[in-house]
Amino acid sequence: MVHFILRRLMVMIPTLVAISMLVFFLIQLPPGDAITSRLAELHAEGAEVSEAQIAALRARFHLDDPMPVQYFRWVTGFLRGDFGYSIVQEQPVNVLVYDRLGYTVLIAISCVLFTWVIGFPIGFYSAIRQYSASDYTFTIIAFLGMATPNFLLALGLMYLGHRYFGTTIGGLFSPEYMGEPFSFGKFVDLLKHLWIPMVVVGMAGTAGLVRVMRANLLDELQKPYVVTARAKGVGSLRLIFKYPVRIAINPFISTIGWMLPMIFSGDAIVGVVLNLPTIGPLLLSSLMTQDMFLAGSLIMIMSTLTVLGTLISDLALAALDPRIRYD
Amino acid sequence: MKEENIVEVEDLFIRFYRDEGVIKPLNGVSLSIPSGKSVGVVGESGCGKTMTAYALLRILPRGGEIVRGALRFKRKNGETIDLAQLDEKGKTIRQIRGGEIAMIFQEPMTAFSPVHTLYNQISEVLRIHSDMDEEAIRKRVVDLLGHVGIPDPEQRADAYPFEFSGGMRQRAMIAMALASNPRLLIADEPTTALDVTVQAQVLRLIKKIQKEFNLSLMLITHDLGVIAHMVDYVYVMYMGEVVEAAPVGELFENPKHPYTIDLLHSIPKMTGPREELAHIEGTVPHSAALPPGCMFHPRCRKRVGKTCWTREPGMTDLGDGHYVRCFIHSPAESGISRESEDLTYA
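Everything quoted here is computed from the prediction, not taken from an experiment.

Asker: Please provide a residue-by-residue account of the overall build of chain A, values included.
Answerer: When helices and strands are counted, chain A shows 15 helices and 2 strands. Taken along its principal axes, the extent of the C-alpha atoms in chain A is 85 × 60 × 35 Å. Burial status across chain A gives 31% buried among its 327 residues.

Here it is, written out as structure tokens:
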């Protein structure tokens, strides 16, 4: 097993090198660059920018160096923990990410918990009470949940939150707590705001989980080993948890690692609609302004997390299912 | 209930009420299993063999109901109870399942959970049905595995089902069934999924443990060759009814029901001139739409006339424990027209 993990980690190196080249190449593809967008911005503000200033900016970010040199400078920065500099926001990428990482992870993890706490029990219940009135009810709700675009749900909930609970629209804090040091009052205020992104981002996932859990469990419930266990005299609830549920959750475990990049970035569209201080909207704006180092580095971090997450999934599945061996 | 019997099934009807209609897998099955003897139940797929076994354990698939009949069973403590009257989720039936009636299944591959060790699954029987401590359970499981012929049982007990061959898995299944000293063993097509070379070994093992543990055996199979060597008495089933019952020798030498005769003809012969393999015309009708009259009449080559599709034949006693359900062997007046239509045709 140790051998397997080491080998997988080794294989990650060429994978990530290939991804980094592709990312760098793709970011360079559209015409223009970050300086062009920056200039457009400055012009819009009515500022006069001289040729010399532009040249200075270009020189500062080495934009006129040959492509391979630029790539090499960018990539070797990673090894020193330096993810480059955002040209548009005029801050190091590290600082931008660091500022948003905490809330991004907080929102993402509360979404995952929301999804699991609601999704698993309902899926389980729907399966063991297949075709009952409650199964049909949950099915209808689940399909509605899957079919509703989450930005629409976000707008709806923001309206309700404002109308009936008096919460300010968007963001994670009320204006009076903005920039305040953390206190109990601020924490309560955070909880008041957190539920909206939690429900919005979690809704589709929860609905999907209900359907998948129901289907997986129904498949397992009619397997011969369930009949065997019944014939042994195992009590029905204990039986369902020990055998079919145990096997029905394998597909979830095998995708658990894919949540890593999602936890890192959060949902971009919902982040924009709800004005959340997360990384998703940061990525979106960096792509729109061609902020190459910011966009490239964010995508690179997410790719690394995806590769790492896949390894974690594989290991988790091996731990759970004895039929899987990585020797 | 007769003194010598451990199980008496009487006039058992099972119905599944589904959206697409009522499925009728059992239509008045009666059979009995004497203590310490082995009884075979033969018939094509879908004739209700397995449903009869599931009914005994009260583990019918979802939606299945016993709508009429009795399932008398003599318990270890000598008490006779009607299993059909028990609560399917109650304590009594759970004590009987695995504790007094054990079952082994057709597919040893899928009948074990793939993600639990053999030890985990076999010891579960003892955890439910005995108050042994962990050490005693361990010893008993290892002994059982050794007894059914699994080499190196101490180590192999902790292996997973997929690490065994089909034959070895079926041996482990037998060990699991024996764990809590049941009185009745139901073997549902125990060798159908196995290689021919392994089939004989597993059958010998079942026969051996039946003698050793003084078990009553109900052997369910579609394979008449298996029946011949394994059991004392045979029930032939067709569409949820017993159509013929006889001691095993009598059945092979002197079959009476046209269905039994056709079944025996369809066994391939290894000797004699090559000829086309006999088969039974037509297919088994769907058990949602039972044919009127004798269930077998649409496929029968010896129909005697209108009686066959207007009246239902009853069981005729031919003497010496040989019974047959056919108008050839009984006067037409003996036929039954079922009084409760809802149970037979809908």
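Asker: Residues and numbers for the overall build of chain B, please.
Answerer: Scanning chain B for helices and strands turns up 12 helices and 12 strands. Against the compact-globule benchmark of 20 Å for 346 residues, chain B has a radius of gyration of 21 Å, which places it among compact chains. Referenced to the eigenvectors of the C-alpha coordinate spread, the extents of chain B come out at roughly 65 × 55 × 40 Å. Sorting the 346 residues of chain B into buried and exposed places 43% on the buried side. Long-range pairs, those at least 24 residues apart, make up 64% of the contacts in chain B with a sequence separation of at least 6.

Asker: Can you explain the interface of chain B and chain A? Please cite residues and give values.
Answerer: Every contact between the two is made by 23 residues of chain B and, on the other side, 18 residues of chain A. Those elements giving two or more residues to the side of chain B that touches chain A turn out to be α2 (91-96) and α3 (118-129) of chain B. Here the side of chain B that touches chain A is built from residues that sort into 12 nonpolar, 6 polar and 5 charged.

Asker: Describe in detail the sheet that holds strand β3 (residues 38-42) of chain B, supporting the description with residues and values.
Answerer: All names here are of chain B. Spatial strand order, β6-β7-β8-β3-β9-β10-β12-β11: 8 strands in an open sheet with mixed pairing. Across the chains shown, the open sheet's two edge strands, defined by having one partner strand only, are β6 (101-104) and β11 (316-317). Two strands pair when backbone bridges link them, and strand β10 (residues 241-247) and strand β12 (residues 323-324) are joined in this way by 2 bridges, in the antiparallel orientation. Opposite Glu 244, over in β12, you have Val 324 as the bridge partner.

Asker: Outline the packing of helix α1 (residues 2-28) of chain A against helix α15 (residues 292-320) of chain A, supporting the account with residue identities and numerical values.
Answerer: Residue and element names in this part refer to chain A. Their axes nearest at 10 Å, the elements α1 and α15 cross at an angle of 150°. Here α1 lies roughly antiparallel to α15, going by the angle between them. As for how α1 packs across α15, the hand of that crossing is right-handed. Between α1, through Arg 8, Met 12, Thr 15, Leu 16, Ile 19, Ser 20, Val 23, Phe 24 and Ile 27, and α15, the contact on the second element is made entirely by Met 292, Ala 295, Gly 296, Ile 299, Met 300, Ser 303, Thr 304, Val 307 and Leu 311. Counted by class, the contact of α1 with α15 contains 12 nonpolar, 5 polar and 1 charged residues.

Asker: Give me the lowdown on the packing of helix α7 (residues 150-165) of chain A against helix α8 (residues 184-221) of chain A, citing residues and values where you can.
Answerer: Residue and element names in this part refer to chain A. Relative orientation of the contacting elements α7 and α8 amounts to 150°, with a least axis distance of 9 Å. The pairing of α7 with α8 is recorded here as roughly antiparallel in orientation. Between α7 and α8 the crossing geometry is right-handed. Mapping the contact onto sequence places Asn 150, Leu 153, Ala 154, Leu 157, Met 158 and Gly 161 in α7 and Ile 196, Val 199, Val 200, Val 201, Met 203 and Ala 204 in α8. Here the contact of α7 with α8 is built from residues that sort into 10 nonpolar, 2 polar and no charged.

Asker: Summarise the confidence of the model for chain B; cite the residues concerned and give the values.
Answerer: Residues and elements named next belong to chain B. Counting all residues, the mean pLDDT for chain B is 90, and 96% of those residues have values of 70 or more. Per-residue pLDDT stays below 50 along residues 338-346; that stretch engages in 11 contacts with residues further than four places along the chain or on separate chains. Scoring the predicted complex yields pTM 0.84 and, for the interface, ipTM 0.87.

Asker: Lay out the nonpolar core in plain terms, naming residues and giving numbers.
Answerer: Ranked by size, the top nonpolar core spans 125 residues in total, and within it Ala 175, Met 218 and Val 234 of chain B carry the most contacts. Ranked by residue count, the leading element in this core is α8 of chain A, at 10 residues. Membership of the second largest hydrophobic core comes to 25 residues, among which are Leu 96, Leu 282, Leu 283 and Met 300 of chain A.

Asker: Give me the pairing of strand β1 (residues 5-18) of chain B: which residues, what numbers.
Answerer: Residue and element names in this part refer to chain B. Relative to strand β2 (residues 21-34), β1 is paired through 10 bridges, and the arrangement is antiparallel. Residue pairing in the sheet places Val 9 in a bridge with Leu 31 of β2. Hairpin geometry of β1 and β2 is characterised by an intervening segment of 2 residues between the two adjacent antiparallel strands. Bridge count for β1 against strand β4 (residues 64-74) is 8 bridges, and the pairing is antiparallel. Paired with Glu 8 across the strands is Arg 72, a residue of β4.

Asker: Please provide a residue-by-residue account of the pairing of strand β8 (residues 216-221) of chain B, values included.
Answerer: Residue and element names in this part refer to chain B. The element β8 is extensively covered by neighbouring structure, given that 6 of its 6 residues are classed as buried. The side-chain alternation of β8 yields two buried faces, one formed by Ser 216, Met 218 and Ile 220 and the other by Leu 217, Leu 219 and Thr 221. Sheet topology note: the β3/β8 ladder contains 5 bridges and is parallel. Residue pairing in the sheet places Val 39 in a bridge with Met 218 of β8. One ladder, built from 5 bridges, connects strand β7 (residues 184-188) with β8; its direction is parallel. Across the sheet, the residue bridging to Leu 184 is Ser 216, located in β8. Between the parallel elements β7 and β8, the chain passes through helix α7 (residues 196-212) in a crossover that is right-handed.

Asker: Just give me the short version of the sheet that holds strand β5 (residues 80-82) of chain B, but keep the residues and values in it.
Answerer: Strand pairing in a sheet relies on backbone hydrogen bonds, with the paired strands running either antiparallel or parallel. All names here are of chain B. If you walk across this open sheet you meet the 4 strands as β2-β1-β4-β5, and the pairing is antiparallel. Lying at the two open borders of the sheet, with one neighbouring strand each, are β2 and β5. The sheet shows a mean angle of 5° between the axes of neighbouring strands, direction not considered. Pairing between β4 and β5: 3 bridges, direction antiparallel. Paired with Lys 74 across the two strands is Thr 80, which belongs to β5.

Asker: Residue-level account of unusual backbone geometry, with values.
Answerer: With a phi close to 55°, Glu 90 of chain A is a non-glycine residue in the positive phi region. By secondary structure assignment, the location of Glu 90 of chain A is in the loop between β1 (85-86) and β2 (91-92).

Asker: Explain helix α3 (residues 51-60) of chain A residue by residue, including any values.
Answerer: Burial of α3 of chain A is sparse: only 0 of the 10 residues sit out of reach of the surface. Just downstream of α3 of chain A lies His 62 of chain A, where phi reads positive at about 55°.

Asker: Describe the environment of Asp 232 of chain B, and please don't skip the residues or the numbers.
Answerer: Within the secondary structure, Asp 232 of chain B sits in the loop between α8 (224-230) and β9 (233-238). If near-sequence neighbours (up to four positions away) are discounted, Asp 232 of chain B is found in contact with Lys 37, Ser 38, Val 39, Pro 247 and Val 248 of chain B.

Asker: Can you tell me about the domain arrangement of chain A, naming the residues and giving the values?
Answerer: Many authors give the size of an interface as the accessible area that is lost as the parts come together. Residue and element names in this part refer to chain A. In terms of domain boundaries, chain A breaks down into domain 1 (20-82) and domain 2 (97-320). For domain 1 versus domain 2, the distance between C-alpha centres works out to 36 Å. Looking at the side of domain 1 that touches domain 2, the elements with two or more residues in it are α1 and α2 (34-44). At 4 residues, α1 tops the list of elements feeding residues into the side of domain 1 that touches domain 2. Looking at side-chain class alone, the side of domain 1 that touches domain 2 contains 6 nonpolar, 3 polar and 1 charged residues.

Conventions and cut-offs
Residues numbered from 1 in each chain as written. Chains lettered and ligands numbered in written order. Predicted model: local features only at pLDDT ≥ 70, side-chain atom pairs only at ≥ 80, totals over all residues. Helix = DSSP H or I, 4+ residues; strand = E, 2+ residues; numbered from the N terminus. Buried ≥ 20, exposed ≤ 12 C-beta atoms within 10 Å, placed from the backbone. Rg over C-alpha atoms; globule rule 2.2 N^0.38 Å. Contact = placed C-beta atoms within 7 Å. Nonpolar A, V, L, I, M, F, W, Y, C, P; charged D, E, K, R; others polar. Pairing = 2+ DSSP bridges. Axes fitted to C-alpha atoms, helices over the stretch in contact; angles between N-to-C directions. Parallel < 35°, antiparallel > 145°, perpendicular 65-115°, else oblique. Left-handed = near helix turned anticlockwise from the far one by under 90°. pLDDT = per-residue confidence, 0-100. Core = buried A, V, L, I, M, F, W, Y, C linked by C-beta atoms within 7 Å. Right-handed = clockwise from strand over helix to strand, strands pointing away. Domains from an automatic or database assignment.

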